[in-house]
Amino acid sequence: FCLMAAPGKVAAFRLPPLPTIGEIIKLFRLKALKQLSQNFLLDLRLTDKIVKQAGELKNAHVCEVGPGPGGITRSILSAGVEQLLLIEKDARFIPGLQMLSEAAPGKVRIIHGDILTYKMEKAFPKHLKKNWEDEPPDIHIIGNLPFSVSTPLIIKWLENVSKRDGPFTYGRTQMTLTFQKEVGERLTANPGSNQRSRLSIMAQHLCTVENCFIIPGQAFVPKPEVDVAVVHFTPLVQPKIQQPFELVEKVVRSVFQFRRKYCFRGIETLFPENGRLKRTEQLMMTANVDPTLRPFQLSMSQFRNLCNAYRKMCDEDPGLFVFNYREELRQKKTTGSLLESTGQPEQTEEENQL
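Residues numbered from 1 in each chain as written. Predicted model: local features only at pLDDT ≥ 70, side-chain atom pairs only at ≥ 80, totals over all residues. Heavy atoms only, no water.

## Description of the side chain of Thr178
Turning to step 1, where the next piece is worked out: Turning to its location among the elements, Thr178 is positioned in strand 6 (residues 174-180).
Turning to step 2, where the next piece is worked out: Residue classification places Thr178 among the buried residues on the basis of a relative accessible area of 1%.
Turning to step 3, where the next piece is worked out: A polar side-chain atom of Thr178 sits 2.9 Å from a polar atom in the side chain of Asn144.
Turning to step 4, where the next piece is worked out: Every residue in contact with Thr178, bar those within four places of it in the chain, is listed here: Ile50, Gly143, Asn144, Leu145, Ser150, Val228, Ala229 and Val230. (Helix = DSSP H or I, 4+ residues; strand = E, 2+ residues; numbered from the N terminus. Buried < 20%, exposed > 50% of the residue type's maximum accessible area, 1.4 Å probe, protein only. Polar contact = N/O pair within 3.5 Å; in protein donor to acceptor, adjacent residues only side chain to side chain. Contact = heavy atoms within 4.5 Å.)

Encoded structure:
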């Protein structure tokens, strides 16, 4: 439905009169499921504000993740998008979304599926593809994510950014997503911050990450126990750490394994027990990293040096990358259980800490 425009001007898209989101919830007897960590946002001023953080959406192609009763969906359509792809796992919301689809003929495509398994490589028209070095394509991902799925989903998408696949086969696709306030703070935390974490490094080495604004918990139905952060991601032309995603993830995860201890304690877990101390010293010396820094104090360039030095060691010893510290602990525990039957101690300090 388009309003008639004055001669020479493009008609602005307007949704026809529709039931409010609250009325849609009553009409279809929708109820937020706690086990799916669902929270509805009914205030269209806030949904408009979220959509505004995505940037210029006129004639853009947008994928909305988990639209639920369709509050953000309305704001996206009102922004004048060309096409809107809705991916919704919960079948209860489909009838309400179909009502929106009928109010915006030819603009909305609804997929009943799970975003964690949905293949986004073919979600948009081929002509939208841009080279990675170019400006981002006219494609956006927007979503008020359930808390239970937000962290695994952003890790999956960061891996896609690193490999330039999934939604990033089209170029540096931008994302505007909601997270628990604490997760939003982790995503954007600087060195030295108590919120600095594995998530901070993985996100910031691949993307420009902006914590846009905070939505108070009472704006949602039902009210969650925490406030919600709206975070915007734009993939970088060049990642800050130019190593494979799996290698960076392994090094960063190891460093933060003992976040309150000196960083060398976590780095030790990259190496088998035989020769562990010597190889840890070698890695830290090559990377020029002070072993007495805490994990959250390390800068991005120090993480880059650690990853580059570890890659060199893995190239020299191909079996090193597949070493699993936890598996080594499990084997020690099994051996310890056997020793316990002879009256010898079983538990290790490492196991207690893990």
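## Let's talk about helix 4 (residues 94-103)
Turning to step 1, where the next piece is worked out: Three or more residues of helix 4 are buried, namely Ile94, Gly96, Leu97, Leu100, Ser101 and Ala103.
Turning to step 2, where the next piece is worked out: Summarising the contacts, the buried residues of helix 4 are in contact with helix 3 (71-78), strand 3 (83-88) and strand 4 (108-112).

## Brief notes about the UniProt feature "binding site: S-adenosyl-L-methionine" (unreviewed entry) in the chain
Turning to step 1, where the next piece is worked out: According to UniProt, the "binding site: S-adenosyl-L-methionine" (unreviewed entry) feature falls on Asn39, Leu41, Gly66, Glu88, Asp114 and Asn144.
Turning to step 2, where the next piece is worked out: Examined against the element boundaries, Leu41 turns out to sit in strand 1 (residues 40-41).
Turning to step 3, where the next piece is worked out: On the basis of relative accessible area, Leu41 is assigned to the buried category, the value being 6%.
Turning to step 4, where the next piece is worked out: Setting aside residues no more than four positions away along its own chain, Leu41 makes contact with Leu46, Thr47, Ile50, Gly71, Ile215, Ala219 and Phe220.
Turning to step 5, where the next piece is worked out: Following the sequence through the fold, Asn144 ends up in the loop between strand 5 (139-143) and helix 5 (147-163).
Turning to step 6, where the next piece is worked out: Those residues in contact with Asn144 that sit more than four places away from it in its chain are Asn39, Val65, Gly66, Ile72, Thr178 and Phe220. (UniProt positions renumbered as here; feature names shortened; annotations may be inferred.)

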